Amino acid sequence: MNHTAASVTAAVAFVWLGMVLAISFLEAPLKFRAPEVTVRVGLGIGRLVFRALNAVEALFALVVIVAVATGAPSTAVAALTAAAAVVLAVQLAAVRPALNRRSDRVLAGEELPRSRGHLAYIALEAAKVVVLVALGACALAA
């Protein structure tokens, strides 16, 4: 992989990783522990934050795909790039819409049991963390 493409891929992968760790594994659970933050308020904040995160992630995925496509990547870098894109696509196309429908109901005042959809999202976030670490490391080694 050429130096520029590898550098861009590694940099974007690690910034993307940092955002996922900070928002999904730090901000999201902590907001519900803040005084006077109700589930409804937390959901409203979470929807805004995750909408912004996912938009940035889509941009990062595009930048990585372009860098990798133009950089003569190794098989590992190409596969990890595809894996990151697929995980993000599943989150955006399958899991987020279901979570949004559920949060619409909660924000409208319905009392609902805990959601298993959040567990799927968390599992995909954990998979994305592993993929991004590997992608950044492989790109640096290129």
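As the structure is a prediction and not an experimental result, all values here were calculated from the model.

K.L.:
What should I look at first to understand the nonpolar core in this one?
P.N.:
Taken as a class, soluble globular proteins show a tendency for nonpolar side chains to be buried jointly. Counting 17 residues, the largest nonpolar core has W16, V64, A84, L132 and L135 as the members making the most contacts within it. Sort the elements by how many residues they give to this core and helix α1 (residues 3-31) lands first, with five residues. Core analysis: the second largest hydrophobic core is formed by nine residues, A28, V95, Y121 and L124 among them.

K.L.:
What should I look at first to understand the side chain of E125 in this one?
P.N.:
Relative to the elements of secondary structure, E125 occurs in helix α4 (residues 117-141). Of the residues examined, E125 reaches a relative accessible area of 1% and is grouped as buried. Sequence-distant contacts of E125, that is, excluding residues within four places in its chain, are made with V20, S24, F25, F50, L53, E57 and Q91.

K.L.:
What's the story with the packing of α1 against α4 in this structure? I'm lost.
P.N.:
Packed helices, taken two at a time, are described by their axes: the angle between them and the distance between them. In contact at an axis separation of 8 Å, α1 and α4 are set at 155 degrees when each is read in the N-to-C sense. Between α1 and α4, the interaxial angle falls into the category roughly antiparallel. Considering the relative orientation of α1 and α4, their crossing is left-handed. Contacts between α1 and α4 involve A6, T9, A10, A13, F14, W16, L17, V20, L21, S24 and F25 on the former and, on the latter, I122, E125, A126, K128, V129, L132, V133, L135, G136, A137, A139 and L140. The residue inventory of the contact of α1 with α4, partitioned by class, reads 18 nonpolar, three polar and two charged.

K.L.:
I'm lost on the packing of aromatic side chains in this one. Help?
P.N.:
Each pair of aromatic rings is reported with the distance of its centres and the angle of its planes. Tallying each qualifying case throughout the model produces one aromatic pair. Here the aromatic rings of F50 and Y121 are separated by 5.7 Å at their centres, their planes lie at 85 degrees, and the arrangement is edge-to-face. Placement of the pair is F50 in helix α2 (residues 39-70) and Y121 in helix α4, with a sequence separation of 71 residues.

K.L.:
I tried to follow the confidence of the model for the chain on my own but got confused; where do I start?
P.N.:
It should be kept in mind that the predicted coordinates are not to be read in detail where pLDDT is low. Overall, the predicted model of the chain reaches an average pLDDT of 94, with 100% of residues at or above 70. Looking over the chain, one finds the lowest element-wise mean pLDDT in α2, namely 94, and the highest in α4, namely 96.

K.L.:
Sorry if this is basic, but what is going on with unusual backbone geometry here?
P.N.:
Leaving glycine aside, a negative phi is the common case for residues, and trans is the common case for peptide bonds. Positive phi values are uncommon outside glycine, yet E36 reaches one of about 65 degrees. Within the fold, E36 resides in the loop between α1 and α2. Its identity is not glycine, yet A72 carries a phi of approximately 50 degrees, on the positive side. Counting through the fold element by element, A72 comes out in the loop between α2 and α3 (75-107). The class for A72 is exposed, based on a relative accessible area of 58%.

K.L.:
What am I meant to see in α4 here?
P.N.:
Counting along an α-helix, one turn takes 3.6 residues, and residues three or four places apart therefore face a common direction. Between its first and last C-alpha atoms α4 spans 36 Å; for 25 residues at 1.5 Å apiece the expected length is 36 Å, and the two agree. When we look at burial in α4, the residues that qualify are Y121, L124, E125, K128, V129, V131, L132, L135, G136 and A139. Buried residues in α4 make contact with α1, α2 and α3.

K.L.:
So what exactly am I meant to see when it comes to α3 here?
P.N.:
In a regular helix each residue adds 1.5 Å, so 33 residues correspond to 48 Å; α3 covers 45 Å between its end C-alpha atoms and thus fits that length. The sharpest bend along α3 measures roughly 40 degrees and falls at V95, with the proline P97 sitting one to four residues further on. At the exit of α3 stands G109, carrying a positive phi of roughly 110 degrees.

Rules of the game
- Residues numbered from 1 in each chain as written.
- Predicted model: local features only at pLDDT ≥ 70, side-chain atom pairs only at ≥ 80, totals over all residues.
- Heavy atoms only, no water.
- Core = buried A, V, L, I, M, F, W, Y, C linked by side-chain atoms within 4.5 Å.
- Buried < 20%, exposed > 50% of the residue type's maximum accessible area, 1.4 Å probe, protein only.
- Helix = DSSP H or I, 4+ residues; strand = E, 2+ residues; numbered from the N terminus.
- Contact = heavy atoms within 4.5 Å.
- Axes fitted to C-alpha atoms, helices over the stretch in contact; angles between N-to-C directions.
- Parallel < 35°, antiparallel > 145°, perpendicular 65-115°, else oblique.
- Left-handed = near helix turned anticlockwise from the far one by under 90°.
- Nonpolar A, V, L, I, M, F, W, Y, C, P; charged D, E, K, R; others polar.
- Phe/Tyr/Trp six-rings, centres within 6.5 Å; stacked < 30°, edge-to-face > 60°.
- pLDDT = per-residue confidence, 0-100.
- Expected span 1.5 Å × (residues − 1).
- Bend = angle between axes of the 7 residues up to and from the residue.

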